[in-house]
Amino acid sequence: MRTIALAAGTPERLYALIEGNAAGPTDAVASLYRRDAGGMWTLAAMSGVAPLMGGPVLALAADAVTRDRIYAADGAQFYVSTNAGEAFAPIATGTGLFGASALANVNGLTADPADPKHLLLATSDVGLLETVDQGVSWKRVTDAAAINAVALSGARTWVATRDFGLLASTANVLARVGLCLIDPSVTAVATLADASEVVIAGTTGNAYVSVNGGKTFGPSSGLDELLGRVVSARD
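Residues numbered from 1 in each chain as written. Predicted model: local features only at pLDDT ≥ 70, side-chain atom pairs only at ≥ 80, totals over all residues. Heavy atoms only, no water.

What to know about the overall build of the protein chain
Move 1: Helices and strands together make up the secondary structure of the protein chain, namely three helices and 21 strands.
Move 2: When the 235 residues of the protein chain are sorted by exposure, 49% land in the buried category. (Helix = DSSP H or I, 4+ residues; strand = E, 2+ residues; numbered from the N terminus. Buried < 20%, exposed > 50% of the residue type's maximum accessible area, 1.4 Å probe, protein only.)

Take a look at the structure:
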């Protein structure tokens, strides 16, 4: 499992991006499934994706407003689908997306719930990238290496890194938060739609929760109750 994304609108719709498929569960391919209103999972066609250029799609995000609009990224291209994943079209490619390197190791994609034009793309090798026009143009927010995941909560950006722990950004200034003292390698980060001060972060084998905006973190007691309200997470 790479990503689970919640679509806008009702009834509830979930997207699940999976590495592998039924014929080859360990193959380096991407499969996208969609489920509406708690029904059966349906495999989306994902036509238009070109894995030979940048490898399999490794990141997915649902548009904050338009129900059938979703975004995806691989190591060479950023795509948009306007029909719930049945077909994708590339918006940004190569140097227009990743700069001089043209290719990148993509780890995560996050859509801003407060601004449908704003998305963030986490990579292992070219830092954190940002778009404010739904993927047409991109800029590098930080050169910090080995970014595993990113989440948004209000005016803050949360960045999970391999070597520097969990970073928090306010007004484009990144700073370490208390979790760094527990574990310098953070693999996942999630926020809650109805509680902006709650942050959930994962390390290898452990999960931690902050209820004060990242000032302090503790073991994930009570995490099961919180997970029902997670708005962004990476498995």
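Once the structure has been displayed, the description carries forward.
Quick look at the sheet that holds strand β2 (residues 13–19)
Move 1: Here four strands make up an open sheet; going across it, the order is β1-β2-β3-β4 and the pairing antiparallel. For this open sheet the edge positions go to β1 (3–6) and β4 (42–43), each flanked by a neighbour on one side alone.
Move 2: In this structure, β2 lies alongside strand β3 (residues 30–36), joined through seven bridges in antiparallel fashion. Note that in β3 the partner of R13 across the bridge is D36. (Pairing = 2+ DSSP bridges.)

Details of the packing of aromatic side chains
Move 1: According to the stated counting rule, one finds three aromatic pairs in the structure shown.
Move 2: Each ring, one from F78 and one from W138, has its centre 5.0 Å from the other, and the planes form 70°; the classification is edge-to-face. Of the two residues, F78 is situated in strand β7 (residues 77–81) and W138 in the loop between β11 (128–131) and β12 (139–142); the sequence distance between them amounts to 60 residues.
Move 3: Accessibility expressed as a relative area gives 13% for W138, which makes it buried.
Move 4: When the ring of Y79 is compared with that of F88, the centres are 6.4 Å apart and the planes differ by 80°; the resulting orientation is edge-to-face. (Phe/Tyr/Trp six-rings, centres within 6.5 Å; stacked < 30°, edge-to-face > 60°.)

Structural notes on the side chain of T123
Move 1: When you line up the elements, T123 lands in strand β10 (residues 119–123).
Move 2: There is a polar contact of 2.8 Å between the side chain of T123 and the backbone oxygen of G127.
Move 3: Apart from residues no more than four positions distant in its own chain, T123 is found in contact with F98, A104, N105, V106, N107, A146 and I147. (Polar contact = N/O pair within 3.5 Å; in protein donor to acceptor, adjacent residues only side chain to side chain. Contact = heavy atoms within 4.5 Å.)

Here's the deal with the side chain of R2
Move 1: Inspection of the secondary structure assignment puts R2 in the segment before β1.
Move 2: Given a relative accessible area of 12%, R2 falls into the buried group.
Move 3: One polar contact links the side chain of R2 to the main-chain carbonyl oxygen of N107, over a distance of 3.5 Å.

Comments concerning the sheet that holds β7
Move 1: The strand order across the open sheet formed by four strands is β5-β6-β7-β8, and the pairing between neighbours is antiparallel. The two strands at the open ends of the sheet, each matched to only one other strand, are β5 (59–62) and β8 (89–93). Averaged over all neighbouring strand pairs, the angle between strand axes comes to 20°, with direction disregarded.
Move 2: Bridge analysis of β5 against strand β6 (residues 70–73) gives four bridges, and the strand direction is antiparallel. (Axes fitted to C-alpha atoms, helices over the stretch in contact; angles between N-to-C directions.)

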